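# Residue-level structural notes
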Amino acid sequence: MSRLIVISNRVSAPTADQPGAQGGLAVALTAALREADGIWFGWSGETGETVAPKFETYDGVTSATIDLPEQDVEEYYDGYANRTLWPLFHYRLGLTEFERDFQGGYERVNRLFGEFIGPHILPDDLIWVHDYHMIPLGWVLRQRGLTNRLGFFLHIPWPPTRLLTALPDHRRLVEALFAYDVIGFQTQEWLETFHDYVVTQMGGSIHDDGSITVGGRTICAIACPIGIDAREFIAGASSPQAVATHRRMIESSIGRSLIVGVDRLDYSKGLEERFNGYQRYLETRPEARAVVYLLQIAPPSRASVQSYQDIRAQLDALSGRINGAFADIDWVPLRYVNHGYPRDVLAGVYRAARIGLVTPLRDGMNLVAKEYVAAQDPENPGVLILSRFAGAATQLDQALLVNPYSPDDIADAIERALAMSREERLARWKPMFANICNEDVNWWREQFTARLGGA
Ligand code: F6P
């Protein structure tokens, strides 16, 4: 059996310092790494001189991380990854910064990863690289003479060709993807936009079996939506911590319906638009005031990037305005919380919520939508309101799908969800729940690694 080598910017394998599993992706990849005696490589999250990877084996899983010098963090992570590729790939050309230094830092750090990882690869290893931070890594490894099977999975959307061509050296970035044997996208839509680029910009051809040929090199590109660890999340929803949280939420709701949103504090999540939609609901349905409240949990993210500081300031102001305008002496319409919670606590919050409000402006997948569905009471589930621009909407099409840019659409969906009969809620929830259980994170991992292994 080949070893599996996982490479991503962040490493979330368990360690002695952080023994708990860090989310569904970590759980799935950790299980695969343990089975295949593999290694998870990435950035330590620390700044410092890069000397050699720090190896740690904990609970049967080995991780290896490197520190990066401050300039590299600024140009590679804050810069090209989060000020160039992230906004561009989320259709936000106006927020995208094009700096040659960023591109230089990005390529330098990818070479650095290649240099440090290369010597640890055995000839039979399967290598699986994750996300937009590491697009050129496969190419770097090939330059070092590696002939292993190489896979890449993009967790975020693939942008339309006309947007991507605004990126200086866009072709260089896409050509690097052809160093991989298998590349995976979250949805058919992102796969098709990739096809469009390959055909119109590179003169490539797409074959009936899904393979793609460009200039004599043929690779396999697939749509393979990531799931959650459904079994673990469902079990977590009946854990003592979840049950206690559920009770706490019900008590603090005093008969009002809870609407919940949980997102990293990121402009792609559509939080401002969501607050506007909620405000529209409160303005236009005065009789419904004081029977609902919105709990928005939004832990800050990428705080050294200006656009993230801006969105945080805008949301601080907007949440204050909404509460100032609508609150009553015994009711606050919006509870806005800027820190994260453990998964079992979130499971209890989701279960207590009559509505899960998940309205990103653009999202590769969105696992909060799946977790909300997984946490529901099978006898009396809540309603998922989901952006049609989240990758998850292709699988969770029984949700109330909304245009996240439209405050009226969001307000109407809230009204409809609150009035929805138990029969309709059940009829919508059941197929979504079945999908989440069938196409879970292990299914996703098996789909991808089967292709990578050459099946
Ligand atoms: O899902 C996209 C992603 O960028 C992951 O690659 C990343 O781990 C996560 O969002 C959180 O972002 P960050 O690692 O920048 O905090």
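Please read these numbers as outputs of a predicted model, since none were measured by experiment.

### Some thoughts on the domain arrangement of the protein
Domain boundaries in the protein define domain 1 (4-227 + 441-452) and domain 2 (230-438). A C-alpha centroid distance of 30 Å is found between domain 1 and domain 2. At the junction of the two partners, domain 1 supplies 18 residues and domain 2 supplies 18 residues. With 3 residues, the single largest contributor to the side of domain 1 that touches domain 2 is helix α2 (residues 70-89). Its residues assigned to classes, the side of domain 1 that touches domain 2 comprises 8 nonpolar, 7 polar and 3 charged.

### Describing the nonpolar core
Among the nonpolar cores identified, the biggest contains 145 residues, and Ile 7, Ala 369, Val 373, Leu 384, Ile 385 and Leu 386 are the most heavily contacted of them. With 9 residues, α2 is the largest single contributor of residues to this core. Counting contributing residues per domain, this core is built from domain 1 (4-227 + 441-452) and domain 2 (230-438), each supplying no fewer than three. Ignoring anything within four residues of it in the chain, the contact list for Ala 369 reads Gly 356, Val 358, Leu 384, Leu 386, Ala 390, Ala 392 and Leu 396.

### Examining the sheet that holds strand β5 (residues 126-130)
Reading across the sheet, the 10 strands line up as β3-β4-β2-β1-β5-β6-β7-β10-β9-β8 and stay open at both edges, with mixed pairing between neighbours. Since the sheet does not close on itself, it has two edges, and those belong to β3 (54-58) and β8 (205-206), each with one partner. The pairing of strand β1 (residues 4-10) with strand β2 (residues 39-47) spans 4 bridges and is classified as parallel. Directly across from Ile 7, in β2, lies its bridge partner Phe 41.

### With respect to the sheet that holds strand β11 (residues 257-262)
Read across the open sheet, the 6 strands follow the order β13-β12-β11-β14-β15-β16; overall the sheet is parallel. Of all the strands in the sheet, the pair left with one neighbour each is β13 (334-337) and β16 (400-402). When strand polarity is set aside, the average angle formed by the axes of neighbouring strands in this sheet is 20°. Strand direction decides the pairing type here: β11 and strand β14 (residues 355-358), joined by 2 bridges, are parallel. Bridging across to β14, Val 260 finds its partner in Gly 356.

### Examining the site of the ligand
The local shell around the ligand consists of Arg 10, Asp 131, His 155, Ile 156, Ser 301 and Arg 302. Partitioned by chemical class, the residues of the shell around the ligand number 1 nonpolar, 2 polar and 3 charged.

### Points about the packing of helix α13 (residues 367-374) against helix α15 (residues 422-438)
Two numbers describe how α13 lies on α15: the axes approach to 9 Å, and their chain directions differ by 115°. Here α15 runs roughly perpendicular to α13, going by the angle between their axes. Helix-helix and strand crossings are classified by hand; for α13 and α15 the assignment is left-handed. Facing α13, whose interface residues are Lys 370, Val 373 and Ala 374, α15 presents Trp 429, Met 432, Phe 433 and Ile 436. Here the contact of α13 with α15 is built from residues that sort into 6 nonpolar, no polar and 1 charged.

### Considerations on the pairing of strand β4 (residues 61-68)
The side chains of a regular strand alternate, residue by residue, between the two faces of the sheet. The buried count for β4 comes to 6 of 8 residues, which makes it a mostly enclosed element. For β3 and β4, the ladder comprises 5 bridges, and the chain directions are antiparallel. Among the inter-strand pairings, Thr 57 is bridged to a residue of β4, identified as Thr 62. From the end of β3 to the start of β4, which pair antiparallel, there are 2 residues, and Asp 59 there has a positive phi angle of about 50°.

Reading guide: rules and limits
- Residues numbered from 1 in each chain as written.
- Predicted model: local features only at pLDDT ≥ 70, side-chain atom pairs only at ≥ 80, totals over all residues.
- Domains from an automatic or database assignment.
- Contact = placed C-beta atoms within 7 Å.
- Helix = DSSP H or I, 4+ residues; strand = E, 2+ residues; numbered from the N terminus.
- Nonpolar A, V, L, I, M, F, W, Y, C, P; charged D, E, K, R; others polar.
- Core = buried A, V, L, I, M, F, W, Y, C linked by C-beta atoms within 7 Å.
- Buried ≥ 20, exposed ≤ 12 C-beta atoms within 10 Å, placed from the backbone.
- Pairing = 2+ DSSP bridges.
- Axes fitted to C-alpha atoms, helices over the stretch in contact; angles between N-to-C directions.
- Near = placed C-beta within 6 Å.
- Parallel < 35°, antiparallel > 145°, perpendicular 65-115°, else oblique.
- Left-handed = near helix turned anticlockwise from the far one by under 90°.

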